[in-house]
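Structural features, examined
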Amino acid sequence: MAMSVSLLFPQKRSHTSTLTVTLFFFSLLLLLILVVLLLTTTTLHLSRPPADLFSPTITALLPPPPPPSAQPITSLNFEKESSGSQVIDNEDGEKGQPPPEKEHNGEISVGRENGQAPDSAISSVLEVGSQGAEEVRDEEERENDAEISSITASRPLLGNGSIDIGEEGGHGRGDGDGDVGLMKNEGKWEDAKGCDLYMGKWVRDQEYPIYRPSSCPYVDQAFDCQSNGRPDSEYLRWRWKPDGCHLPRFNAIDFLQRLRGKRLMLVGDSMNRNQFESMLCLLREGLPDKSKMFETHGYKITKGRGYYVFKFMDYNCTVEFVRSHFLVKEGIRINGQGNSNPTLSIDRIDKTAARWKKADILIFNTGHWWTHGKTARGKNYYKERDHIYPKFDAVEAYRRALMTWAKWIDNNVKPRKKLVFYRAYSSAHFRGGDWDSGGSCNGEREPLLSSGASFLDNYPLKMKIVEEVIQQMKFPVILLNVTRLTNFRKDGHPSIYGKNRTATAGVKVSTRRQDCSHWCLPGVPDAWNELIYATLVSHQSPRRRLL
């Protein structure tokens, strides 16, 4: 009996061991299955494109951001003196229309031979600090935010300063939304990096202007030369043609398709308002139902107001203007006698920058206000931090203001999601004086046609500064270098027709002060916007749309 019992125990232990081993391997198998499932799920998750504000299927096609340069701009330090003045910021800044751009010694400033943005992405680095925009949340902005809060970005923006020809397209002024591209002279699609859009000539074109004079309700009186009684009209029939390629005809519907769901914003002085009104008229011309384009607050465009938002209902997009004379902060100081004097903080971004952040395409300019009065004199006007300089050079102030703007762009705008243009200096044409000393351009009927004239080699100092600053930015700003092409157009200014001089007006208008700085509409700013459109088209292909 004892032997029988002893023989049973080994059998029990063997059965238990077998069961244990079986359970162990079964558990191990389950664990392996769980590991495989986990790895599969992780792989699928990692294989997805990164989340982006724009379409992820296109994000993967975008080039990497430009590499930083090893040669940053060094900060400039100088001795500061105490002014002993109390400084108060001016929330409204200066109002009214600036005087025309000042020309020195009666010479006409023009662009240089190769003034366009470099072909490769601008990759130098600015030394940047923590400099954000002041958040200005006034009632008007809150109303606008509510009005356009439904606008959502759906496609990425590209912009590296280079000009490329599309893979397919046409060269007509159709109303379709097909691809349109830059065409070489012989009609062959090629790489357009060799085509300088800003070197060329003005040619007569009987299909111009794109919109009829006096037909656009968004042109304010100062630019509506035909309605104001200008007797000649040949100045309307010139088209800018680059030497190496043809610009695509402006196609309003195609432009709006590219802008769908986006915000285009022009920021600057009255010269940019001149361009803004041109843009509105060009886009309006292509709309079948023009009632679906309107200013969101019902404002009529005047020189007194500094913020406009025009919405295009069918495309869920806006075209906006933000007035900023200098791109840096204007203010007011109280001097020792209790009087108020304006100041300009060249190291602080303008208060309107909070609005800039919200745009998808930005077009900046400044320069019109840097050549007159207190800005040119520089006495007790320029300010850095809390110090007001008793005397400061206007050229150096301009350079530092642009560096402040450049730092803000580098710190606040993402190259993969935004497109930024800087529109270059626009030439003025005064004879026999300046804007306030009897200078005139009345009677000019056609452009300068002598393209070989020696003055075409001149290049304004302010433009050399603009190029230097842009070339050292991380963000690939596109320089819309219209300086040279505007120099030809001595015939395109309002002159004495910035006010109504028709017989029915019944008002005597002085001819002493003529506007030889701004432009009649239709007119020269239409060409600037055609170049904007050409740039958008050139960055687009069937596989990768810009907007």
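Higher on the page you've got the structure.
Residues numbered from 1 in each chain as written. Predicted model: local features only at pLDDT ≥ 70, side-chain atom pairs only at ≥ 80, totals over all residues. Heavy atoms only, no water.

Considerations on the overall build of the protein chain
The helix and strand tally for the protein chain stands at 11 helices and 16 strands. Counting across all 547 residues of the protein chain, residues that qualify as buried make up 53%. Taking the intrachain contacts of the protein chain between residues at least 6 apart in sequence as the baseline, contacts between residues at least 24 apart amount to 81%. Summing over all exposed atoms, the protein chain offers an accessible surface of approximately 24,900 Å²; the carbon and sulfur share of this is 52%. (Helix = DSSP H or I, 4+ residues; strand = E, 2+ residues; numbered from the N terminus. Buried < 20%, exposed > 50% of the residue type's maximum accessible area, 1.4 Å probe, protein only. Contact = heavy atoms within 4.5 Å. Areas by Shrake-Rupley, 256 points an atom, 1.4 Å probe, with all protein chains shown as cover.)

Some details on the packing of aromatic side chains
Tallied over the full model, the rule gives 20 aromatic pairs. A cation over a ring is seen here: Lys462 above Tyr425, with NZ or CZ 4.3 Å from the ring centre. (Phe/Tyr/Trp six-rings, centres within 6.5 Å; stacked < 30°, edge-to-face > 60°. Lys NZ or Arg CZ within 6 Å of the ring centre and 35° of its normal.)

Focus: unusual backbone geometry
Note the cis peptide between Tyr208 and Pro209, where omega equals 0°. Across the junction of Leu521 and Pro522, the peptide omega takes the value -5°, indicating a cis bond. Tracing the backbone shows Pro522 in the loop between α10 (483-487) and α11 (524-538). In this model, Ser214 sits at a positive phi of 70°, which is unusual for a non-glycine residue. Within the element layout of this structure, Ser214 appears in the loop between β3 (200-204) and β4 (238-242). The exposure class of Ser214 is partly exposed, given its relative accessible area of 43%. Here Asn380, not a glycine, exhibits a phi torsion of approximately 50°, which is positive. If you trace the backbone, Asn380 turns up in the loop between α7 (373-377) and β13 (382-384). Relative accessible area serves as the criterion here: at 33%, Asn380 is assigned to the partly exposed category.

A look at the packing of helix α4 (residues 252-259) against helix α5 (residues 270-285)
Their axes nearest at 7 Å, the elements α4 and α5 cross at an angle of 110°. With respect to each other, α4 and α5 are oriented roughly perpendicular. Contacts from Ala252, Phe255 and Leu256 in α4 reach Met279, Leu282 and Leu283 in α5. The residue makeup of the contact of α4 with α5, split by class, is 6 nonpolar, no polar and no charged. (Axes fitted to C-alpha atoms, helices over the stretch in contact; angles between N-to-C directions. Parallel < 35°, antiparallel > 145°, perpendicular 65-115°, else oblique. Nonpolar A, V, L, I, M, F, W, Y, C, P; charged D, E, K, R; others polar.)

Quick notes on the side chain of Arg284
Positionally, Arg284 belongs in helix α5. In this structure, Arg284 is buried with no salt-bridge partner, the nearest side chain bearing the opposite charge being Glu285 at 5.2 Å. Those residues within four positions of Arg284 in sequence are excluded, and the remaining contacts are Ser215, Cys216, Pro217, Tyr218, Lys290 and Met293. (Lys, Arg positive; Asp, Glu negative; His and termini not counted. Salt bridge = Lys/Arg side-chain N within 4 Å of Asp/Glu carboxyl O.)

Comments concerning the state of the cysteines
Evaluated as defined, the whole model comprises 4 disulfides. Note on cysteine connectivity: Cys195 is disulfide-linked to Cys245, with sulfurs 2.0 Å apart. Judged by the sign of its S-S torsion, about -60°, the bond between Cys195 and Cys245 is left-handed. Of the two residues, Cys195 sits in the loop between β2 (183-184) and β3 while Cys245 sits in strand β5 (residues 245-246), which places them 50 residues apart along the sequence. Of the two residues, Cys195 and Cys245, neither departs from the other in class, the shared state being buried. What pairs with Cys225 in a disulfide is Cys520, and their sulfur atoms sit 2.0 Å apart. What sets the handedness of the Cys225 and Cys520 disulfide is the S-S torsion sign, and at about -90° it is left-handed. Of the two residues, Cys225 sits in the loop between β3 and β4 while Cys520 sits in the loop between α10 and α11, which places them 295 residues apart along the sequence. (Disulfide = S-S within 2.5 Å.)

A few points about empty space enclosed by the protein
Where empty space is left can be seen by rolling a probe of water-molecule size over the atoms. With the rule as written, the count across this model stands at 9 cavities of 30 Å³ or more. By volume, the largest cavity amounts to about 110 Å³. Elements supplying a minimum of two residues to the lining of the largest cavity: β4 and α11. When residues of the lining of the largest cavity are assigned to their parent elements, the largest contribution, 4 residues, is made by α11. A per-class count over the lining of the largest cavity returns 11 nonpolar, 1 polar and 4 charged. (1 Å grid on protein atoms, 1.4 Å probe; cavity = no way out; pocket = protein on both sides within 12 Å on 5 of 7 lines; lining within 4 Å. Points joined across faces, edges and corners; volume = space filled by probe spheres on them.)

Quick look at the environment of Val469
Mapping Val469 onto the fold places it in helix α9 (residues 461-471). Taking C-alpha positions, Val469 is 9.9 Å from Lys407, a pair spaced 62 residues apart along the chain.

Comments concerning the nonpolar core
Judged by nonpolar contacts, the single largest core of 60 residues is most densely connected at Phe255, Leu264, Phe276, Leu283, Phe312 and Val319. If you tally residues by element for this core, the top one is α11, at 9 residues. Setting aside residues no more than four positions away along its own chain, Phe255 makes contact with Phe250, Leu264, Met279, Leu283, Ile532, Tyr533 and Leu536. Counting 47 residues, the second-largest nonpolar core is a separate cluster that includes Leu327, Tyr398, Ala401 and Met473. (Core = buried A, V, L, I, M, F, W, Y, C linked by side-chain atoms within 4.5 Å.)

Focus: the pattern of salt bridges
Inspection of the entire model under this criterion finds 17 salt bridges. Asp220 is paired through a salt bridge with Arg273; the nearest N and O atoms lie 2.3 Å apart. Of the two residues, Asp220 sits in the loop between β3 and β4 while Arg273 sits in helix α5, which places them 53 residues apart along the sequence. Looking at Arg273, the relative accessible area reads 3%, which means it is buried. Residues Asp232 and Arg230 are paired through a salt bridge, measuring 2.8 Å at the closest nitrogen-oxygen approach. Connected through shared salt-bridge partners, Glu384, Glu396, Arg399, Arg400 and Glu468 make up one network.

Remarks on α11
When the terminal C-alpha atoms of α11 are compared, their 21 Å separation across 15 residues agrees well with the 21 Å that a helix rising 1.5 Å per residue should span. Extensive coverage of α11 is indicated by the burial of 15 of its 15 residues. (Expected span 1.5 Å × (residues − 1).)

Brief notes about the pairing of β4
Burial runs high along β4: 5 of the 5 residues are buried. Side chains Trp238, Trp240 and Pro242 of β4 all project onto a buried face; the interleaved residues Arg239 and Lys241 project onto the opposite face, where all are buried too. Pairing of β3 with β4 involves 5 bridges; the strand directions are antiparallel. Across the sheet, the residue bridging to Arg204 is Trp238, located in β4. (Pairing = 2+ DSSP bridges.)

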